[in-house]
Amino acid sequence: MVHPILPSTNTVQDPQSVDVATLAGPIISMLSRIHALVIGPGLGRDGVTLKVVVEVIKEARKRSIPFVLDADGLLIVTEDPSLVKGYKECILTPNVVEFGRLTKALGIKVVSQVDIAKEEGEDNTSKASDECEQLSKALGGVTILQKGPRDVISNGVTSIINDIQGGLKRSGGQGDTLTGSVGTMLAWRAAYHDKLWDSGETENDKEAQNKNEVQAELESNRRMSRTTTLLLAAWVGSSITRESSRRAFEAKGRSMQASDLTDEVHGSFLRLIGEPEGSKTHL
């Protein structure tokens, strides 16, 4: 269902004196029925719209609703990092340019991400990982999913490098597949923690604090912490997008467009993750 209710400068009588709380009201009233938010793709930079989105982010944070921010959603954070600082139910998905803007806004001195992205090898992957970790720490543990030749995911304590092969062409708009996939994983994560699924795992509420504990949770029969599942949501979203891009490029070559990834999402999910035995979609 689509609700075309996000206001803009063109839909209000006096953009200079808008009642932002009232304008945000219809969206905020839906938050009780929402498991996760995806903010950014297609958002634009209209002043009134962004003010409303800021109110929605504040309310979502109050209610501990997880959200993923991309594109113009990241611009909001660049202008006011306090909106997400310390909120560990949030994932940011910057590309090279957006990452540079965020680090500059937070006063973090980093090596040019463009230079890192151009080079291959362990040393450059390590640099990218270290700088992603720095940004996460500066934001109080917000999870960063930095897009690039290898996607880097960090919550300031644990960092993951995703080097699953992607496509050989980077089409603008592929980030929409990423944010949509991560948003879906965040919603499924909510179902997992609300115990709507019988996972067969034992109870364990201890938060994972380092790589060894995260790995232990994955390999043991105990329930995963929210820290671990947030990292997994980011990793799975990254993996599906990279695999979809690979498959789309294989099918379309240099004529590939970002929209071609959509046709590959289902097959990518089945190849990377699969379905339980007995499922109607199990192959």
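Residues numbered from 1 in each chain as written. Predicted model: local features only at pLDDT ≥ 70, side-chain atom pairs only at ≥ 80, totals over all residues. Heavy atoms only, no water.

Student: I tried to follow the sheet that holds strand S4 (residues 143-146) on my own but got confused; where do I start?
Tutor: Within a beta sheet, neighbouring strands are joined by backbone hydrogen bonds and run either parallel or antiparallel to one another. Taken together, the six strands give an open sheet; going across it, the order is S1-S2-S3-S4-S5-S6, and neighbouring strands pair in mixed fashion. If you trace the sheet from one side to the other, it starts and ends with strand S1 (37-39) and strand S6 (159-162), each paired once. Averaged over all neighbouring strand pairs, the angle between strand axes comes to 15°, with direction disregarded. Examined bridge by bridge, strand S3 (residues 90-92) and S4 share two bridges and lie parallel to one another. (Pairing = 2+ DSSP bridges. Helix = DSSP H or I, 4+ residues; strand = E, 2+ residues; numbered from the N terminus. Axes fitted to C-alpha atoms, helices over the stretch in contact; angles between N-to-C directions.)

Student: Help me out: how do you make sense of the packing of helix H3 (residues 72-79) against helix H4 (residues 96-105) in this one?
Tutor: Running from N to C, H3 and H4 point in directions that differ by 15°, and their axes come no closer than 9 Å. Compared by their axis directions, H3 and H4 come out roughly parallel. Crossing of H3 against H4: the hand is left-handed. Residues Leu 74, Val 77 and Thr 78 of H3 form the contact with H4, whose participating residues are Glu 98, Arg 101, Leu 102 and Ala 105. Here the residues of the contact of H3 with H4 sort into four nonpolar, one polar and two charged. (Parallel < 35°, antiparallel > 145°, perpendicular 65-115°, else oblique. Left-handed = near helix turned anticlockwise from the far one by under 90°. Contact = heavy atoms within 4.5 Å. Nonpolar A, V, L, I, M, F, W, Y, C, P; charged D, E, K, R; others polar.)

Student: Would you mind showing me how to read H4 here?
Tutor: Structurally, the α-helix is built with 3.6 residues per turn, so residues lying three or four positions apart point the same way. Of the positions making up H4, those classed as buried are Val 96, Glu 98, Phe 99, Leu 102 and Thr 103. Mapping the buried residues of H4 onto a view down its axis gives an arc of 160°, with all of them on the same face. Where H4 begins, one side-chain oxygen reaches toward the backbone nitrogen of Val 97, 3.1 Å away; that side chain belongs to Asn 95. Positive backbone phi, at 70°, marks Gly 107, one or two positions downstream of H4. (Buried < 20%, exposed > 50% of the residue type's maximum accessible area, 1.4 Å probe, protein only. Arc of directions from axis to C-beta. Polar contact = N/O pair within 3.5 Å; in protein donor to acceptor, adjacent residues only side chain to side chain.)

Student: Looking at this structure, how should I read the environment of Leu 272?
Tutor: Tracing the chain through its elements places Leu 272 in helix H10 (residues 265-272). Leu 272 sits 36 residues away from Val 236 along the chain, and the two C-alpha atoms are 8.8 Å apart. Each residue touching Leu 272, except ones within four places of it in the same chain, is listed here: Ile 164, Ser 239, Ile 240 and Glu 243.

Student: Honestly, the packing of aromatic side chains in this entry has me stumped. Any pointers?
Tutor: To describe a pair of aromatic rings, one takes the distance between the centres and the angle between the planes. Applying the stated criterion across every chain yields a total of three aromatic pairs. Centre to centre, the rings of Trp 188 and Phe 269 are 5.8 Å apart; their planes meet at 85°, and the pair counts as edge-to-face. Here Trp 188 is found in helix H7 (residues 174-193), whereas its partner Phe 269 is found in helix H10, with 81 residues between them in sequence. Put simply, the rings of Trp 188, Trp 197 and Phe 269 pair up and form one aromatic cluster. Directly above the ring of Tyr 192 sits Arg 223, whose terminal nitrogen or CZ lies 4.2 Å from the centroid. (Phe/Tyr/Trp six-rings, centres within 6.5 Å; stacked < 30°, edge-to-face > 60°. Lys NZ or Arg CZ within 6 Å of the ring centre and 35° of its normal.)

Student: Would you explain the pairing of S4 in this entry?
Tutor: Each regular strand shows side chains that alternate between the opposite faces of the sheet. Neither face of S4 is exposed, since Thr 143 and Leu 145 on one face and Ile 144 and Gln 146 on the opposite face are all buried. Counted between consecutive antiparallel strands, the loop separating S4 from strand S5 (residues 151-154) contains four residues.

Student: So what exactly am I meant to see when it comes to the layout of surface pockets here?
Tutor: Here the idea is plain: a probe the size of a water molecule rolls over the atoms and shows the empty space left. Reported here for the largest pocket is a volume of approximately 720 Å³. Tyr 192, Trp 197, Met 224, Leu 232 and Ile 273 are the residues nearest the centre of the largest pocket, which is lined by 21 residues in total. Those elements that place two or more of their residues in the lining of the largest pocket are H7, helix H8 (211-219) and helix H9 (226-252). Among the elements that line the lining of the largest pocket, the one with the most residues is H9, at five residues. (1 Å grid on protein atoms, 1.4 Å probe; cavity = no way out; pocket = protein on both sides within 12 Å on 5 of 7 lines; lining within 4 Å. Points joined across faces, edges and corners; volume = space filled by probe spheres on them.)

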